[in-house]
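So you can see what is in the structure, the chains are spelled out below.
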Amino acid sequence: MTIDLQPVKGTRDFYPEDMRVRQWLFARWREVARAFGFEEYDACVLEHEELYIRKAGDEITGQLYGFADKSQRRVALRPEMTPSLARMVLAKGASLPLPARWFAIPQCFRYENMQRGRKREHFQWNMDIIGLSSVAAEAELMAAQCAFLRACGLRLDGDKPDIVLKVSNRQVIQHFLEGLGIGADAFPAVCVVIDKRDKIGADGTTAELTKLGLSAEAAARIIAVLDISGLDAVADAVGKDNPGVIALTELMALCASSGIADVVRIDLSVIRGLSYYTGTVWEVFDASGSLPRAIAGGGRYDRLMELFGGTPVPMVGFGFGDVVITEILAERGLLPKEASERSVDDVVYPMSAKEFAVANRIALRLRAEGRSVVVDYSERRFKHVVKRAEDDGARRLFILGGNEVTAGVVTVRTMGAERSEEKLPLAQFGA
Ligand code: HAM
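Reading the values: the criteria
- The residue numbering used here restarts from 1 in each chain and proceeds along that chain's sequence as written.
- Totals for whole chains, interfaces and linings use all residues, but because this is a predicted model, local features are given only for residues with pLDDT of at least 70 and pairs of side-chain atoms are given and counted only at 80 or more.
- Values reported for side chains reflect all heavy atoms of the structure, with hydrogen atoms and water molecules removed beforehand.
- Angles run from 0 to 180 degrees between N-to-C directions of axes, and those axes are lines fitted to C-alpha atoms, restricted for helices to the stretch in contact.
- What counts as a helix is a DSSP run of H or I of at least four residues, what counts as a strand is a run of E of at least two, and both are numbered from the N terminus.
- Oblique is the label for any angle not covered by the other classes, which are roughly parallel (under 35 degrees), roughly antiparallel (over 145) and roughly perpendicular (65 to 115).
- Note on convention: near helix rotated counterclockwise from far helix by under a right angle means a left-handed crossing. Clockwise means right-handed.
- Here, two residues are considered to be in contact whenever any of their heavy atoms come within 4.5 Å of each other.
- Here the term charged refers only to Asp, Glu, Lys and Arg, the term nonpolar to Ala, Val, Leu, Ile, Met, Phe, Trp, Tyr, Cys and Pro, and the term polar to all other amino acids, Gly among them.
- Only protein chains enter the area calculation, which uses a 1.4 Å probe; residues under 20% of their type maximum are buried, those over 50% are exposed, and those in between are partly exposed.
- Each direction from the helix axis to a C-beta atom contributes to the arc, which is the arc of those directions.
- Here a Phe, Tyr or Trp ring, Trp counted by its six-membered ring, pairs with any other such ring whose centre lies within 6.5 Å, and the pair is stacked when the planes are under 30 degrees apart, edge-to-face when over 60, and tilted otherwise.
- Cation placement over rings: the criterion is NZ of Lys or CZ of Arg within 6 Å of the ring centroid and within 35° of the ring normal.
- Paired strands, in this sense, are two strands between which DSSP finds at least two bridges.
- The domain boundaries here were taken from an automatic or database domain assignment.

Novice: With reference to specific residues and values, describe the packing of helix H5 (residues 170–179) against helix H10 (residues 243–257).
Specialist: Interhelical geometry of H5 versus H10 gives an angle of 160 degrees and a closest axis separation of 7 Å. The orientation of H5 with respect to H10, classified from their angle, is roughly antiparallel. In this structure, H5 crosses over H10, and the sense of that crossing is left-handed. Two secondary-structure elements touch here, H5 through Gln171, Val172 and His175 and H10 through Pro243, Gly244, Val245 and Leu248. When grouped by side-chain class, the residues that make up the contact of H5 with H10 number 4 nonpolar, 3 polar and no charged.

Below, the structure written as structure tokens:
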């Protein structure tokens, strides 16, 4: 049998050098989440399929890796974390102290058409706030995204920031539609259709909206509203008393107080493809436009718990994928050395098998001090050992030949530019 050496289409292998970058990224995400007082949670990648079956026609439902297990239970590899979060919160019931601030870094699977920045598997940093209906929650989540982006070395201040957060509120459109006689029931499906308008074109969008019961005129008016950006222009178009406009105005003021006003833009073109959002929706983009795909996306979903049979609980959060941000940071040379290079503290080199035992005792002592230590058992020639220790980023090389052991010492070489060597007594290392 010959096996296919490539990973399954759309999925990635993480060799140690890729894993270093991934771990570096996850560490930054965890640091920011902790700085904002969020607690980490997790769930299994295998979920009940029904959590993702939505009648509004969400694209995600068609991209499911779903199947029947051996007992004919319908299960799916999760395409996103939000439904699992809602299920967990619902299961806790009243015993969960609210508001709760939770984060996770789940791997998610979607059977996507492959394109730049989109794979069939990705990791997604999620931060969600459960039990706060104020847009202060949205502002906090956006501030956390910005804190992470700043920590990566991206510029978020001034006239030409590297990043832009495009923010809308579905209530702007919902109330506008109510004015046109379109009820709340059709609204989630309308959002799913208008989110696809770039893919299906204006005619396709109108055709699908009319299928949902909208007149061609109403469809045209919605499509026109989506082109509006900037808070004042939005208020002029739909009225200052529109609840969506009121919420966006409040949100902008809070963003200013959190120091992120330079990157937040009100833009009604942002709808998002998930039908459960009810209020604020936002997406994070590279301002240069070189990558058309969103870096991250989030929104408020105050009715998902109700959809799952519980009492409504206000919830808001975002998902931030690993694929696009890693590409952006790599392109801009912002992945730090620590993310791309291996580094061990010490290499211990016993020149022959006779010195292995002494080498092990030295390694034991160094590891107890918290150092990362490789014992090079290869018995290769010295120059190969030195080369490998350099490649591994070692700071010190412990050289142990028969003569050294007989004399009760070990030669310790400090690697790098200021190379130096000294002989230290083995007793110092408990050997
Ligand atoms: P989403 O917009 O579907 O939202 O995904 C969020 C982010 O995950 C995207 O902006 C992107 O960075 C990444 N992402 C999604 N699909 C892929 C893919 N196929 N390949 C690579 N990266 C991808 C959600 O999933 C919501 N559940 C987020 C959320 C959390 N809303 C509230 N809380």
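Novice: Can you tell me about helix H9 (residues 231–238), naming the residues and giving the values?
Specialist: Within H9, the full set of buried residues consists of Val234, Ala235 and Val238. One side of H9 holds all its buried residues, which, seen down the axis, span an arc of 100 degrees. Of the residues in H9, the exposed ones pointing more than 90 degrees away from the buried face are Asp232 and Asp236. Where the residues of H9 are buried, they touch H5, H10 and strand E9 (264–266).

Novice: Give me the lowdown on the packing of aromatic side chains, citing residues and values where you can.
Specialist: Per the stated rule, a full pass over the model turns up 19 aromatic pairs. Look at Trp29 and Phe148: their rings are 6.1 Å apart centre to centre, the planes differ by 55 degrees, and that puts the pair in the tilted class. Of the two residues, Trp29 is situated in helix H1 (residues 16–35) and Phe148 in helix H4 (residues 136–151); the sequence distance between them amounts to 119 residues. Under the relative-accessibility criterion, Trp29 is labelled buried at 0%. Following the ring pairs from residue to residue traces out a cluster consisting of Phe14, Phe26, Trp29, Phe123, Trp125, Phe148, Phe318 and Phe320. The side chain of Arg120 reaches across the aromatic face of Tyr111, ending 3.9 Å from its centre. When the ring centre of Phe285 is taken as reference, the NZ or CZ atom of Lys166 above it lies at 4.7 Å.

Novice: Before we move on, could you go through the sheet that holds strand E4 (residues 74–77) and cite the residues and values that matter?
Specialist: Read across the sheet, 3 strands follow the order E2-E4-E3 without closing on themselves; strand pairing throughout is antiparallel. Because the sheet does not close on itself, it has two edges, and the strands there are strand E2 (46–48) and strand E3 (65–68). Pairwise comparison of adjacent strand axes, ignoring direction, gives a mean angle of 35 degrees for this sheet. In this structure, E3 lies alongside E4, joined through 4 bridges in antiparallel fashion. Across the sheet, residue Ala68 finds its bridge partner in E4, namely Arg74.

Novice: An account of the pairing of strand E7 (residues 121–130) is needed here, citing residue identities and associated values.
Specialist: Most of E7 is tucked away, with 10 of its 10 residues classed as buried. Across 5 bridges, the pairing between strand E5 (residues 100–104) and E7 is antiparallel. Its bridge partner being in E7, Ala104 is matched across the sheet by Asn126. In this structure, strand E6 (residues 107–109) lies alongside E7, joined through 3 bridges in antiparallel fashion. By the bridge assignment for E7, Phe109 is matched with Glu121.

Novice: Explain the domain arrangement of the protein chain residue by residue, including any values.
Specialist: We note that the domain assignment places domain 1 (16–337) and domain 2 (342–429) within the protein chain. Spacing between the C-alpha centres of domain 1 and domain 2 amounts to 51 Å.

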